[in-house]
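Structural characterization, general
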Amino acid sequence: MKEIRVLVADDELPARGELKYELSAIPGVKIVGECANGKEVLAFLRTHPNVDIPFLDIEMPLMNGLECAKEIIRMDLPVKIVFATGYSQFAVQAFELEAFDYILKPYDEARIARTIHRLADSIA
């Protein structure tokens with residue numbers, strides 16, 4: 001499997017840490033950065049164009065995950081966006097933004113691994 005470069009964005013440090021832990025247990029995944037809000041995500045992506053998949057929380061300060069995804073699309077970056085959130089009610093909006101996946105908290109290790117493997121298969 002090709003190395004998958006991941007950016008993790010969540011304003012809650014414990015949730016960000018848990019997601020990083022789950023992702024780091026998957027062979028071939030490299031966490032290249034972490035952010036606490038959508039504005040930080042956009043700044044990171046401007047200077048680190050090698051990200052394959054940003055995991056975005058929905059509810060973040062300054063710029064939420066949905067707003068951030070819209071900006072990522074406008075930037076025309078070759079990333080697959082995954083929303084990782086505790087809010088199921090935003091799934092339709094997320095998929096309208098062509099989200100690659102939508103994962104609900106609390107995180108499920110097998111679910112995250114399936115998402116990564118699907119991504120790896122799609123970019124192989």
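First, a word on scope: everything that follows refers to the structure included in this document.

What counts, and where the lines are drawn
- Within every chain, residues take consecutive numbers counted from 1 along the sequence as written.
- For a predicted model such as this one, the threshold for reporting local features is a pLDDT of at least 70, and the threshold for listing and counting side-chain atom pairs is 80 or more; totals across whole chains, interfaces and linings nevertheless cover every residue.
- Side-chain calculation: all heavy atoms of the structure are included, whereas hydrogens and water are not.
- Elements are defined by DSSP. Helices are runs of H or I of four residues or more, strands are runs of E of two residues or more, and each kind is numbered from the N terminus.
- Relative accessibility under 20% of the residue-type maximum defines a buried residue, over 50% an exposed one, and the middle range a partly exposed one, all with a 1.4 Å probe and only protein chains included.
- Salt-bridge detection follows one rule: a side-chain nitrogen of Lys or Arg within 4 Å of a carboxyl oxygen of Asp or Glu.
- Throughout this description, a polar contact denotes any pair of N or O atoms lying within 3.5 Å of each other; where both atoms belong to protein, one of them has to be capable of donating a hydrogen while the other can accept it, and for residues adjacent in sequence the pair is counted only when both atoms sit in side chains.
- Two residues qualify as a contact provided that any one of their heavy atoms is within 4.5 Å of a heavy atom in the partner residue.
- Between 30 and 60 degrees the pair is tilted, below 30 it is stacked and above 60 it is edge-to-face, where a pair is any two Phe, Tyr or Trp rings, Trp via its six-membered ring, whose centres lie within 6.5 Å.
- Lysine NZ or arginine CZ positioned within 6 Å of the ring centre and within 35 degrees of the ring normal marks a charge as sitting over the ring.

Position of Thr 115 among the secondary structure elements: in helix H5 (residues 109–123). We classify Thr 115 as buried; its relative accessible area is 0%.

Applying the stated criterion across every chain yields a total of nine salt bridges. For the salt bridge of Glu 34 with Lys 20, the shortest nitrogen-to-oxygen distance reads 2.4 Å. With Glu 34 in strand S2 (residues 29–35) and Lys 20 in helix H1 (residues 13–24), the pair connects residues that are 14 residues apart, well separated along the chain. What makes Lys 20 partly exposed here is its relative accessible area of 24%.

Here we come to the side chain of Asp 52. Residue placement: Asp 52 occurs in the loop between helix H2 (38–47) and strand S3 (53–56). When its relative accessible area of 10% is taken as the criterion, Asp 52 is described as buried. Of the polar contacts made by the side chain of Asp 52, one reaches the backbone nitrogen of Arg 5; its length is 2.7 Å. Asp 52 has contacts with Lys 2, Glu 3, Ile 4, Arg 5, Pro 78, Val 79, Lys 80 and Ile 123, leaving out every residue within four places of it along the chain.

Let us look at the packing of aromatic side chains. What the rule picks out here adds up to three aromatic pairs. For the pair Phe 83 and Tyr 102, a centre-to-centre distance of 6.2 Å together with 40° between the ring planes defines the contact as tilted. Taken together, the positions of Phe 83 in strand S4 (residues 82–85) and Tyr 102 in strand S5 (residues 101–104) put the pair 19 residues apart, joining distant regions of the chain. Grouping residues by exposure puts Phe 83 and Tyr 102 together as buried. Seen from their ring centres, Phe 95 and Tyr 102 are 6.3 Å apart, and the 40° between their planes marks the pair as tilted. Among the residues examined, Phe 95 registers a relative accessible area of 44% and is labelled partly exposed. The ring of Phe 100 has Arg 118 lying over it, and the distance from NZ or CZ to the ring centre is 4.4 Å.

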